[in-house]
Amino acid sequence: MTIIKMIEIREASKSQAAEIASLIMTAMTDDCCLYFCGEGYGLEDFRKMMTMLVEREDSQYSYRNTLVAMDVDKVVGISVSYDGGRLHELRHAFIEAAKEHIGKDHSGMDDETQAGELYLDSLAVLLDYRRQGIARKLLLATKERANRLGLPCVGLLVDKDNPVGEALYTSVGFQYVNDNQWGGHPMKHLII
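The structure contained in this document is the topic of the report that follows. Just so it is clear, the model here is predicted, and its values are computed rather than measured.

Quick word on the pattern of salt bridges
Side chains bearing opposite charge may pair, as long as their charged atoms lie close to each other.
Step number 1: Summed over all chains, the structure comprises twelve salt bridges.
Step number 2: Put simply, E8 and R10 hold a salt bridge, and the shortest N to O gap is 3.1 Å.
Step number 3: For E8, a relative accessible area of 43% translates into the label partly exposed.
Step number 4: Residue E89 pairs with R86 through a salt bridge whose shortest N-O separation is 2.6 Å.
Step number 5: Taken together, the salt bridges that share partners define one network made up of E11, R145 and R148.

This is the structure:
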């Protein structure tokens, strides 16, 4: 474990796209990333596509939708969130990129969020920086972002097979709303 003195949470920059994309993939898990890939495509193809999507301004994964936890000049954690009412508009970039870069059409994908919430799409912290309160800081900063945007809550999906993640979310006040499905996994929808 890396011992840290001060972590700063701030808005991401385009130059951090590769680091952000890797952390988004950590949040998704390798199995989920591979679920999104067409036959003959793998994690490196997915990583290249995600980096390109983070660099864009019109993607749900855009750096403009990302808060980063910084240890000096190193990205050690991310929170990617966006207005759930803009899901279809923002998802369009993913759908088109997936067809082109990972050989799969996801245009029929179920909605994972809706209007009225800041949807927390991805939360991840580098392994060496875990269990130091960084994810909690990112969650609280995401809630502040929802307040600034005038959205009444932050919503997220947590994998039903991720009790550690669910415990983190409930420890900062998230509450169960209903069940959902995403990336081939049964999920719980939580809000704060």
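Description of the sheet that holds strand 6 (residues 175-182)
Step number 1: Overall, mixed pairing links the seven strands, which are arranged 1-2-3-4-5-7-6 in an open sheet. Each end of this open sheet is capped by a strand with a single partner; those strands are strand 1 (8-11) and strand 6. On average, adjacent strands in this sheet sit at an angle of 30° to one another, irrespective of strand direction.
Step number 2: Strand direction decides the pairing type here: strand 5 (residues 154-159) and strand 7 (residues 185-191), joined by five bridges, are antiparallel. Bridged to G155 within strand 7 is I191.
Step number 3: Taken strand by strand, helix 1 (residues 17-28) contacts strand 2 (66-71), strand 3 (74-83), strand 4 (118-125) and strand 6, and its axis lies near 70° from that of strand 3.

What counts and how
Residues numbered from 1 in each chain as written. Predicted model: local features only at pLDDT ≥ 70, side-chain atom pairs only at ≥ 80, totals over all residues. Heavy atoms only, no water. Salt bridge = Lys/Arg side-chain N within 4 Å of Asp/Glu carboxyl O. Buried < 20%, exposed > 50% of the residue type's maximum accessible area, 1.4 Å probe, protein only. Pairing = 2+ DSSP bridges. Helix = DSSP H or I, 4+ residues; strand = E, 2+ residues; numbered from the N terminus. Axes fitted to C-alpha atoms, helices over the stretch in contact; angles between N-to-C directions. Contact = heavy atoms within 4.5 Å.

Read these as geometric descriptors, not functional statements.
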